[in-house]
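Observations on the model geometry
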Amino acid sequence: MATLRLRWSEHEARKPYARPFMVSFVDDSGSDLGSVALNGSDLLYWSQFGAAVAALSGELFVFDSVDSAADPQRAWLERLAPLLPAADAISVTPRSTFDHERGRVFGFVVAGDGAAEAVVDAPTLLEYQEFQAALVHQTGRLLRVPSVEAIDDGAPRRRAWLQWLRRVVVRPASDEAMTATWPWR
């Protein structure tokens, strides 16, 4: 069966409008059938992957085992997981900057396992799949949280993600925190 080969470029990941993933399509004999360059979202989201491959190559990409799965997105992540290093033991640290239009705003620095750091905004932090895509884009590492992925319903899944985040997001430094104690964590 034909396979995929992935290569991530840290240099490319830092550029605006980057496509840091080179996805090569390989036949059974190991011959390269062609490649496309993708960003993190196009790689991780099953439907976006197919659309990106079609747009960049003019070819349809079909994986029957993914398309026929009860949850194609989860099946796609299972296919990708062996091709990408895992993002383990991450920590998320708020860091504020001053924006001339919005005032002080926090971004979140994601670090772990000696990999490149990622920086995400608050909306990205709070959405599991968006966070996954941003992290893989910026670090080349795939975050999987089985306790979140096991939940199909949107509201309970979001609660599970926020519960998981509570363990990895560090409070702002005392000079940036609103108060010494924060009762809503």
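These lines cover the structure that appears in this document, whether it is placed above or below.

It is worth spelling out unusual backbone geometry at this point. With a phi close to 50°, Ala-89 is a non-glycine residue in the positive phi region. Of note, Ala-89 is situated in the loop between helix H5 (72-80) and strand S4 (91-99).

Moving on: the environment of Asp-71. Here Asp-71 lies in the loop between helix H4 (64-67) and H5. For the pair Asp-71 and Asp-152, spaced 81 residues apart in sequence, the C-alpha separation works out to 8.9 Å.

In terms of nonpolar packing, the biggest core is built from 25 residues, with Val-23, Phe-25, Leu-43, Phe-49, Phe-61, Trp-76 and Leu-84 touching the most fellow members. If sequence neighbours within four positions are ignored, Leu-84 has contacts with Leu-6, Phe-21, Leu-43, Val-136, Gly-140 and Leu-142. Of all hydrophobic cores here, the second largest spans 21 residues; its members include Ala-134, Leu-135, Trp-161 and Trp-164.

A few words now on the pairing of S4. Here S4 runs beside strand S5 (residues 103-111); their pairing, made up of nine bridges, is antiparallel. Paired with Val-92 across the two strands is Val-110, which belongs to S5.

Right, let's get into the packing of aromatic side chains. Scanning the model with the defined rule gives 12 aromatic pairs in all. Ring geometry for Trp-46 against Phe-61: centres 6.1 Å apart, planes inclined by 65°, an arrangement best described as edge-to-face. Taken as a pair, Trp-46 in helix H3 (residues 46-57) and Phe-61 in the loop between H3 and H4 lie far apart in primary sequence, 15 residues in all. On the accessibility criterion, Trp-46 (11% relative accessible area) is buried. An aromatic cluster is built from Phe-25, Trp-46, Phe-49, Phe-61, Phe-63 and Trp-76, whose rings are joined through pairwise contacts.

This part is about the pattern of salt bridges. Inspection of the entire model under this criterion finds six salt bridges. For the salt bridge of Arg-144 with Glu-78, the shortest nitrogen-to-oxygen distance reads 2.9 Å. In this pair, Arg-144 is assigned in the loop between helix H7 (128-139) and helix H8 (146-149) and Glu-78 in helix H5, connecting sequence segments 66 residues apart. If you follow the salt bridges from partner to partner, you end up with Asp-71, Arg-74 and Asp-152 in one network.

What counts, and where the lines are drawn
- Residues numbered from 1 in each chain as written.
- Predicted model: local features only at pLDDT ≥ 70, side-chain atom pairs only at ≥ 80, totals over all residues.
- Heavy atoms only, no water.
- Helix = DSSP H or I, 4+ residues; strand = E, 2+ residues; numbered from the N terminus.
- Core = buried A, V, L, I, M, F, W, Y, C linked by side-chain atoms within 4.5 Å.
- Buried < 20%, exposed > 50% of the residue type's maximum accessible area, 1.4 Å probe, protein only.
- Contact = heavy atoms within 4.5 Å.
- Pairing = 2+ DSSP bridges.
- Phe/Tyr/Trp six-rings, centres within 6.5 Å; stacked < 30°, edge-to-face > 60°.
- Salt bridge = Lys/Arg side-chain N within 4 Å of Asp/Glu carboxyl O.

By themselves these figures say nothing about function.
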